[in-house]
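# Working through the structure, step by step
Here is what each chain is made of, one letter per residue.
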Amino acid sequence: MRRMVTGSADKTLRLWDLKDGVVLKKMEGHCDWVGAVAISRDGELIASGDEKGVLIIWDGDTGEPLTQSFQAHSGIDSLDFSPNGAVLATGGWDKKTKLWNTKTWRLQDKPIDCHDYVNCIRYSPSGIHLAIATLGDIQIWDPNTRDCIKIFEGHAAHTSINRASIRPFNKSLAWTPDGKRLLSAGTNADPTIREWDSTSWEQVRGSPWKGHDKQICAIAINSAATLAASASYDNSVRLWQLSDRRTIAIFRHSDWMRCVTFSLDGEYILSGGGNKKISEWAVPEDVLPASKNIAINTTARNACISGDLLVAEDLLTQEIDSDPNNHISYANRSFVMARKHEWDYALRDALMSISIQPSFTGYTSKGIALCGKKHFKDAMRAFDLASMHANQFSRTPQYFINFQAIALFNANHYEDAILRVQELATSCPNADTLACGIVEAYLRVQLGINALNGARHTEAADHFTAAVKVGTCWSKSALLSQYMDFVVLFGWDLKSLWQTANENLCHALLLAGRLPEAVESYRYMMDRSDDTPKASCLRWSAGKSHRATHATSSPAFHSAFEKKCSVLYAANGDVAFAASDYDMAILLYSRAIELDPTNETIFVNCSKAKLKQALWEEALVDAEKVIELDPSSYIGYQLKHEAFHGARRYDEAIEIFQIMLSKLDSASETQIRKLRQQYLSPPEADGAIRKSIHIQMENAPLRLLNTSTGYLCDRDAQIASFKSSTRYKELLLLTMKHKDLRMERIKKSVTMYFRCVMLSHRWEEKEPLLYDIQEKVVYKLNPVGGIVKLQSFCKVARKAGYRWAWVDTCCIDQNNNVELQKSLNSMFSWYRQSALTIVYLSDIPPLSKSGALAKSAWNTRGWTVPEFLAPKVLLFYQSDWTIYLDDPSSNHKESVAIMQELGDATGIDSQALVAFRPGMRGAREKLRWASTRTTTLQEDIAYSLFGIFGVHLPIIYGEMKENALGRLLQEIVGRSGDITALDWVGISSDFNSCLPANITSYEAPPCVLPSLSEDDIQVSVSSLRSAGVVELALRIYNTLDNLSAPRFSHRRLHLPCIAFPIIEVGRRQGQDQETPVYEVKTDGLGDLLITTEDRLIPFSSTRPLAPWQTFLLVRPWNRGLLELPNPPDDIQNMKNLAAPSSPSLNSLAFSLAENELVDTDSHSRALRLIVRLGQPFSALLLARQHSGEYKRIASNRDIVAQVKDMTSVRDMIDIRTLEIS
C-alpha cells in the first residue's frame, strides 16, 4: 500500500492512502504547528515535532502514538531517522541537535551544540555523516563519535547585490543517494541550490542552481539519483536534472511551497504549502529512468525473475508458435537459453530475431550468445550493431554497454568488463550511475567469490571491498523495477546483492587473518541494515559454511561468524593474559564479548584480567554475566567475590563467598566438590580468628581508649570494633580462602589491629579516673587538669597511627580489687607487649638540653622502673608533647645519647635498659635499681617490682611495705635459690630476719670480696693433692652438691649453709660508739668485729650460755662454687630435700676405690672448691632461739670472714640447712 504522512498548522498529522487520496488516520496530540515530520526507512516509525518543541513518535502502520508527547527543544524545525532506524536526530530553536535512541527514546550522550538556530538535519545515505544547516553555517558531524568534521558558511557567505540588506541563511539540505554530494538551499538573500563535494566539502565547480527568487524550503532527490525537486516561497516547485543542473519543469502553485518529495517509483512529485493542499505532479516521461528495456510479457518476465526458466521458455515458444515473425519473442527466448547456458540455441534464436527484424534486443541477444560461445570478436561486432539501434530507447541508450560488460564478464573477460562499466559511469553524459554501480558491484562480488573459493583470501577481500564501496549508492535504497532487466537477462539476485557483498567480505577478511577489519565490516553491515536486511544478515551469519555464498538461511539469531571472530579474539586475549599484558587482554576479551555475549569462558577470563588491573566494578559486571549464563557454577560467584573484595565491599564479598561454597557443595562433579575442602565457611574462619583474639586479650589490658572515637572500650567493645573493621573483614576473607593459613599469620594480623600505646607518667593532681571518662568522648571533655594530658596523649597516639591507648589513671577500676590485682600483676606484661610506650615528662620544658631527663620527678618514682624497662619501643616527650631533645629516631631505646643519659640517672647498665629480660637472675642488682625510688602507696615499692622478677603475687594494700617486700623477696629466694638477696645491711624485717625491713637496704653495692687468679687457684690445688685431702674434698663436694635449695615455709627460711660455731662474744671497750661493736671468735675462722644495734650477750668458755642459746657464723651455700654449668634464666633445677637438718658426713663417706667413676676432672673441681672455700666470704650472724630456730642478727656493715687454715678442711665440714625466722 502506498502511504504518505503530512504535518500541518492545524496541530495534527494525517496518514494518507495515495491510491485513493483518502485520509486513513488523523493523528492528534500536538499543541502547535507541526512543522517537522520524518519516517524511518522501514516505514515502521513516524516522528513529528511542533513549534513548541514537543516530539511525538507514532506507529507507521496504524498512526497510533507510541510515546507520550515530550519536550525535546524550545521549537523543532527538522527531524531525520538514521539509515538503520536506530537513532532519531532532532534540531531546534535552542541551537541544539539531539540524538534519540529509538528503542528507549532516551538521549544518546550530550546534545550537539550548534551555536545557532537549526533549520535542517539530514543523515548521509551510509549514516556516517550528519549534516546540519543552521542560520549561519553548514556543519558536518560524525554522529557516532560526536566529532565535528567540517563547518562552512554555505549560503551565509553569499548575498545577491540587490538583496545586500538581507541576511542569507541555510534553509534546507539533501544528499545524493551515493552520498558523494550534499545539496543545500538558501533563503531570500541567496535563493539558490549549491552542491558540495563530500570528500573535500568544497563547492562543486559551476554556477549555483538558479531559478527561484525566494527562499527554498525543501529539496528532494529521486532514488535513481537523476532528478532533484525544490519547493520555494515563490509558489513553485522546480524539477532539475542532476547531471547538468538544468531546470526540466516548473510546477506552479497558488501559494508558497514548504515541502516536496518524490513518490517511491520516482514517477510523481508531491508538494504542499500555504494552499493547504497536497499537489501531485507527473514527472515528464522523457526524463524518467527506463523501466523495461527488454520487452517481454509479464508472465514470462516473472518466470525469469523467479528462476523458472523452463516456464519462461515454454511461454516464449508459445508466442513464437502463434506468431513466427515476432522478432522480440525470438530475442527473449535467446536470453532464456543463454541463462540456461545453451549457447547454440541462444545464438540460433538471436539470429532468427535479427533475420526477421534487426533490433537493439536482437543484436544484444546475439552478443550475449557469442560471448557464451567464446567468439569475442563476433560478439563485439554484435554489440556495436546493437549500439546503432540504441536510439530506439532514448531514455537509457547506455544500457547495452552494461549488457555488453556483463556478457564479457560471463565469458571470463573480467578486467575488460569492469573497465567498460567504469568508463560508462564516468564519461557518458546523464549516465545512470546507480545502474553502473549495481553492475560493477555484482561483477566484483563474482570475482570475490571465485577468489574466495580458490583460497585467495586477500584478493577476495579486495574485490568485496570494492563491491561494497561502489555499492554505497544502493546499499540503503530499494532497487526499482527498471533494474530488473539484469535479473531477467542474467538471473541476478539484486535483492541480496548488498548483503552478499558484505557477508563475503567479512568471511574473506576473517580467513585472511584480518580479524579487526572483519569485525569492523560485519558491524558496518549490521549498522547500515534496515530491520529486514538486518534479519537476513543475522540469518546469514548464523550459517556454518565457510565458502563464498549468497545469503544462507538459519533460524539461529547469533552468528557462527561472530562466534568465530569471538573465539579468535579470545585466543589472542589468552596469549596477552599469559604475557601479563592485561590491558591488551581486556581489550581483546571485550571485543570477543561484543561478538559473542553468550560465551561464559570469555567473560570469566575478561573478569580475571580486569581483577589483575584492579578494575573492580568492571570485573564485577563480567562476573555477574558469568552467573547469569551459568547460575549453577561456582566460578561466577568466585569472581564476583574477588571483585567485591578488591573494591573493599567486604560484607558483599563474604555473602557471595558463602554462595560460592554452596555451589561447590552442590556441584555434580566430584573434582569440583573436592575444591570445597580448601576453603572455610565464614563461621569456621571466624572461629579461628576468635582463638587469636582470645590469646591477644589474655595479654592485653582490660580496657583501652579508642583514639579514633575517644571512647573507653572494654574487651567486648574492642572485639566489636575489630569485627566491624576493614582489617577483620580482610582477615576473615583471607582465612576463608586459605584453610591452611598458619595461626601465626592470623595472630600477626590480630596483633596489628590491637597494637596499643602505653603511657608512662607521674601522677599529678586531678588525674581523670575511670568514672570520669566512662561512656564519654575524651576529646570532648573539659580540658582541665589531667584531662589535657589524656587528650594530648590520645592525639599523639592517633597521629602515630595507633588505634588503641592505655593510661593507668583511667583504664583501671581502682575500686574493683579483683581487677586492680590483675592489672598490677599484668602491667609489666602490658608494657612489654605494647607497640609503643610514651614517657611524658611533665616537668621538662620545651627545648630542654641533655641532662634534663635525670632531673625529672618521673625518674624518682617506683612504678616508672618497669615502665621504661619493659617496653621494646620507647619515646620521651616534653611538657608540650614535643619529642625530647628533638631526637628523630622512632625508638629512643636506639638513641645512644638518651639511653646513656637514662643509664647515668638510674645506675642501670645500658644493655639492660635496651634489652631487659624479666626474671630472677641478677636479683641483687635489680633490687638496687629500685632502692632509691619512692611510691605514693608504701606497698607499691614491692608491687612495682613483680613484673621485673616475673612473679605474680596477691596485691594486698594495707599489708605494709615490710610484708609486701618480704613476700617478694621470699618468692625470689624460694624460686631461684639466689642468696644474693640476703646480701644487705640495715634493719631486719619482721617478715623474716634474713630479709631487710626496707628496700633502701639494697642501695649500698653488694660486698665485693677479693678473688684469686686462675694461677693462684692452680698453685693452691697443687698443694692439696694428697690422697687424704682429695678424698675429703670429694666428700665435701658431693655433700654440698646434694643440698636442697633455699626455701621459705610459713615465713621461715630454710637456708643450706656451712656453719661455724661462735665460741666467744665480747663487747669492745673504748671510745663511745652509737652502735655497739662486738669482738667475735669462731672455731676455724679468724676473729671478727661486728657492729649491730641488736644487743648481744657476751660469753666465753669461762662464761658459757644456756645450752639452747648458741650463736653461729654461717656461710650461705652458693651452688656456683661447684662450677657446674649455669641453668637457663628462670629455669631452676633445684633438688628439694625434705630433711632440714645437716646430713651426717659419715653416712656420705665412701672409698675412692669403690667409685670407679671419679676422674681427674672431679678431683680438680673438688680441690678447686676447697680452695674457694678458703677465701673470705660474706657471713651471716645467727642466734638460736628458745624454740630451736635461728634469727639473723642484722649488722650495719658487711660481715667478712675467712677460715684460718685452708688445709684444715675438717674445720669446714659442718654443713647443714638451718631454719631461720
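Note that the coordinates shown come from a computational prediction; the quantities given were computed from them, not determined experimentally.

### Describing the pattern of salt bridges
Scanning the entire structure with this criterion turns up 43 salt bridges. Between R181 and E195 there is a salt bridge whose closest N-O contact spans 3.3 Å. On the criterion of sequence distance, the pair formed by R181 in strand β17 (residues 181–186) and E195 in strand β18 (residues 193–197) is long-range, its members being 14 residues apart. Its relative accessible area of 9% is what places E195 among the buried residues.

### Some remarks on the packing of helix α15 (residues 560–578) against helix α17 (residues 600–612)
Between α15 and α17, whose axes approach to 11 Å, the crossing angle comes to 30°. Between α15 and α17 lies a crossing whose hand is left-handed. Contacts between α15 and α17 pair S566, A570, D574 and F577 from the former with I602, N605, K608, A609 and K612 from the latter. Taken together, the residues that form the contact of α15 with α17 break down as 4 nonpolar, 2 polar and 3 charged.

### Things to note about the UniProt feature "repeat: WD" (unreviewed entry) in the protein
Sequence positions flagged by UniProt for "repeat: WD" (unreviewed entry) are, in local numbering, residues 1–26, 27–68, 76–104, 209–250 and 250–281. Counted over residues 76–104, helix gives 0% and strand 62%. Its end C-alpha atoms are 20 Å apart. From the first C-alpha to the last, residues 250–281 spans 10 Å; its make-up is 0% helix and 59% strand.

### With respect to empty space enclosed by the protein
This model, assessed by the stated rule, comprises 4 cavities of 30 Å³ or more. For the largest cavity, the calculated volume is near 70 Å³. Considering the residues around the largest cavity, the lining is formed by L824, N825, M827, F828, Y831, W863, P866, E867, Y943, S944, F946 and G947. Elements represented by at least two residues in the lining of the largest cavity include exactly α28 (817–833), α30 (864–869) and α35 (946–949). In terms of residue count, the dominant contributor to the lining of the largest cavity is α28 (5 residues). Per-class residue counts for the lining of the largest cavity are 8 nonpolar, 3 polar and 1 charged.

### A word on helix α10 (residues 457–470)
Over its 14 residues, α10 extends 20 Å from the first C-alpha to the last, a length consistent with the 20 Å expected when each residue adds 1.5 Å. Those residues of α10 lying buried are A460, A461, H463, F464, A466, A467 and V468.

### A few points about the packing of aromatic side chains
The final tally for this structure, using the stated rule, is 28 aromatic pairs. Their ring planes at 40° and their centres at 4.7 Å tell us that F152 and W196 sit as a pair that is tilted. Of this pair, F152 sits in strand β15 (residues 147–152) while W196 sits in strand β18, and the two are 44 residues apart along the sequence. Classification of F152 by relative accessible area gives buried; the value is 10%. Given the relative accessible area of 6%, W196 is considered buried. Judged by centre distance (6.1 Å) and plane angle (80°), the rings of W175 and W201 are edge-to-face. Here W201 lies in the loop between β18 and β19 (216–221) and W175 lies in strand β16 (residues 170–175), a separation of 26 residues in the sequence. In this structure, W175 and W201 share a single accessibility class: buried. A network of ring pairs unites the aromatic residues F722, Y728, Y753, F754 and W804 as a single cluster. One residue, K95, lies across the ring of Y117, its end atom 5.6 Å from the ring centre.

### Notes on the packing of helix α19 (residues 635–646) against helix α24 (residues 726–737)
Relative to each other, α19 and α24 sit at 155°, their axes nearing to 11 Å. Between α19 and α24, the angle is such that the two are roughly antiparallel. The handedness of the crossing between α19 and α24 is left-handed. Where α19 approaches α24, its residues H641, E642 and H645 are matched on the opposing element by E730, L733 and K737. Counted by class, the contact of α19 with α24 contains 1 nonpolar, 2 polar and 3 charged residues.

### Thoughts on the side chain of T187
Here T187 lies in the loop between β17 and β18. Of note is the side chain of T187, whose polar atom sits 2.8 Å from the backbone nitrogen of F169. Not counting chain neighbours up to four residues away, the residues in contact with T187 comprise R167, P168, F169, K171 and Q215.

### Topic: the UniProt feature "repeat: TPR" (unreviewed entry) in the protein
The UniProt record marks residues 566–599 with the feature "repeat: TPR" (unreviewed entry), using the residue numbering of this structure. A helix fraction of 79% and a strand fraction of 0% characterise residues 566–599, whose end C-alpha atoms lie 9 Å from each other.

### Section: the confidence of the model for the protein
Averaged over every residue, the pLDDT of the protein is 86; residues scoring 70 or more account for 88%. Residue range residues 392–397 is modelled with pLDDT below 50. Its contacts to residues more than four positions away, or to other chains, number 13 contacts. Scored below 50 in pLDDT, residues 1129–1158 makes 50 contacts in the model with residues more than four places away or belonging to other chains.

What counts, and where the lines are drawn
Residues numbered from 1 in each chain as written. Predicted model: local features only at pLDDT ≥ 70, side-chain atom pairs only at ≥ 80, totals over all residues. Heavy atoms only, no water. Salt bridge = Lys/Arg side-chain N within 4 Å of Asp/Glu carboxyl O. Helix = DSSP H or I, 4+ residues; strand = E, 2+ residues; numbered from the N terminus. Buried < 20%, exposed > 50% of the residue type's maximum accessible area, 1.4 Å probe, protein only. Axes fitted to C-alpha atoms, helices over the stretch in contact; angles between N-to-C directions. Left-handed = near helix turned anticlockwise from the far one by under 90°. Contact = heavy atoms within 4.5 Å. Nonpolar A, V, L, I, M, F, W, Y, C, P; charged D, E, K, R; others polar. UniProt positions renumbered as here; feature names shortened; annotations may be inferred. 1 Å grid on protein atoms, 1.4 Å probe; cavity = no way out; pocket = protein on both sides within 12 Å on 5 of 7 lines; lining within 4 Å. Points joined across faces, edges and corners; volume = space filled by probe spheres on them. Expected span 1.5 Å × (residues − 1). Phe/Tyr/Trp six-rings, centres within 6.5 Å; stacked < 30°, edge-to-face > 60°. Lys NZ or Arg CZ within 6 Å of the ring centre and 35° of its normal. Parallel < 35°, antiparallel > 145°, perpendicular 65-115°, else oblique. Polar contact = N/O pair within 3.5 Å; in protein donor to acceptor, adjacent residues only side chain to side chain. pLDDT = per-residue confidence, 0-100.

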